[in-house]
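Chain and residue survey
What follows is each chain in one-letter form.
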Amino acid sequence: MQSDIERVLFDGPAIHKRLDEMAAQITADYSDRELTVIAILTGSLMFMSDLLRRIPLPLKLDCLSVVSYHGKRQTSSEVIFKQLAVPDVGGRDVLILDDILDTGHTLAAVRKKLETAKPRSIRICVLLSKRKQRAWDVDADYIGFEIDDEFVVGYGLDFMERYRNLPYVGVLRKELLEQPDQ
């Protein structure tokens, strides 16, 4: 797997240092309230686990399984929710966690769906945010790192369900993206 990576953007220590900073900010922002975290699976799993262990607040955790890439290198405009019901977030302060803010399709769809349950507030937290024009008007309130518009893997992010277990975020070699399904 290491040979499939063009270059490492953020190693483990850099990620953990940034998570400490993000957790401190989230803790300060929600210090007087209970937080409801909605994590977007499967990409946010590593990020969620490491970030939430750093937040010493009472919180509830739920997960949504959402598909928008459908095995391709670019997100589609179709977002599929794998659950029938929305988590109970009525009157609660909600923090949506996702691995990456790219086109905005996924996070816009999740936010819209959660808004139907009438939470008190919704904020978005992402490990990575691509510097690019988005298809949807979505901004993250908490951002780990801003990156260029490159295809990245590792630390939960995948390509064809591979590379999630890399302990860093790296850019996948372009020629691998152009290969037919493996």
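Quick caveat, the model's predicted, so the values are computed rather than measured.

**Some thoughts on the sheet that holds strand β1 (residues 5-10)**
Strand order across the open sheet formed by three strands is β1-β9-β8, with antiparallel pairing between neighbours. Of all strands in the sheet, those with a lone pairing partner are β1 and β8 (152-153), marking the two edges. One ladder, built from two bridges, connects β8 with strand β9 (residues 169-172); its direction is antiparallel. Across the sheet, the residue bridging to Val-153 is Gly-170, located in β9.

**Quick look at the pattern of salt bridges**
One pass over the structure, following the stated rule, counts 21 salt bridges. Note that Arg-7 and Glu-150 form a salt bridge whose closest N and O atoms lie 2.7 Å from each other. Here the residue Arg-7 occupies a position in strand β1, and Glu-150 occupies one in the loop between β7 (142-147) and β8, the gap between them amounting to 143 residues. Residue classification places Arg-7 among the partly exposed positions, given a relative accessible area of 32%. For Arg-54, the salt bridge identified is with Asp-20, shortest N-O distance 2.6 Å. Separated by 34 residues along the polypeptide, Arg-54 in the loop between α2 (45-52) and β3 (59-67) and Asp-20 in helix α1 (residues 12-29) bring together distant segments of the chain.

**Remarks on the nonpolar core**
Side chains of nonpolar character tend, in soluble globular proteins, to be buried together. Ile-26, Phe-47, Leu-51, Leu-97, Cys-125, Leu-128 and Val-169 are the most contacted members of the largest nonpolar core, which has 30 residues in total. Contributing elements (two or more residues each) for this core: α1, β2 (35-41), α2, β5 (93-101), β6 (121-130), β7 and β9. Ranked by residue count, the leading element in this core is α1, at five residues. Other than its neighbours up to four places away in sequence, Phe-47 contacts Leu-19, Met-22, Leu-97, Asp-98, Cys-125, Val-126, Leu-127 and Tyr-155. Of all hydrophobic cores here, the second largest spans 16 residues; its members include Ile-38, Val-66, Leu-107 and Ile-124.

**Description of the packing of aromatic side chains**
Applying the stated rule across the entire model yields two aromatic pairs. Note on Phe-10 and Phe-145: the rings are 3.8 Å apart at their centroids and 20 degrees apart in plane angle, and the pair reads as stacked. Taken together, the positions of Phe-10 in strand β1 and Phe-145 in strand β7 put the pair 135 residues apart, joining distant regions of the chain. The exposure class assigned to Phe-10 is buried, which follows from its relative accessible area of 15%. A centroid spacing of 5.4 Å and a plane angle of 80 degrees characterise the contact between Phe-151 and Phe-159, whose relative ring orientation is edge-to-face. Here Phe-151 and Phe-159 have matching classes, each one buried.

**Section: unusual backbone geometry**
With an omega dihedral of 5 degrees, the bond running from Leu-41 to Thr-42 counts as a cis peptide bond. Examined against the element boundaries, Thr-42 turns out to sit in the loop between β2 and α2. Despite not being glycine, Lys-118 has its phi angle at roughly 60 degrees, a positive value. Examined against the element boundaries, Lys-118 turns out to sit in the loop between α3 (105-115) and β6. Phi is positive for Tyr-155, close to 50 degrees, though the residue is something other than glycine. Take Tyr-155: it is sitting in the loop between β8 and β9.

**Let's talk about the packing of α1 against α2**
In the contact formed by α1 and α2, the axes pass within 9 Å of each other and the chain directions differ by 60 degrees. Classed by the angle they form, the pair α1 and α2 counts as oblique. Of the two possible hands of crossing, α1 and α2 adopt the one that is right-handed. For the pair formed by α1 and α2, the contact residues are His-16, Leu-19, Met-22, Ala-23 and Ile-26 on the first element and Phe-47, Asp-50 and Leu-51 on the second. Per-class residue counts for the contact of α1 with α2 are six nonpolar, one polar and one charged.

Calculation rules
Residues numbered from 1 in each chain as written. Predicted model: local features only at pLDDT ≥ 70, side-chain atom pairs only at ≥ 80, totals over all residues. Heavy atoms only, no water. Pairing = 2+ DSSP bridges. Helix = DSSP H or I, 4+ residues; strand = E, 2+ residues; numbered from the N terminus. Salt bridge = Lys/Arg side-chain N within 4 Å of Asp/Glu carboxyl O. Buried < 20%, exposed > 50% of the residue type's maximum accessible area, 1.4 Å probe, protein only. Core = buried A, V, L, I, M, F, W, Y, C linked by side-chain atoms within 4.5 Å. Contact = heavy atoms within 4.5 Å. Phe/Tyr/Trp six-rings, centres within 6.5 Å; stacked < 30°, edge-to-face > 60°. Axes fitted to C-alpha atoms, helices over the stretch in contact; angles between N-to-C directions. Parallel < 35°, antiparallel > 145°, perpendicular 65-115°, else oblique. Left-handed = near helix turned anticlockwise from the far one by under 90°. Nonpolar A, V, L, I, M, F, W, Y, C, P; charged D, E, K, R; others polar.

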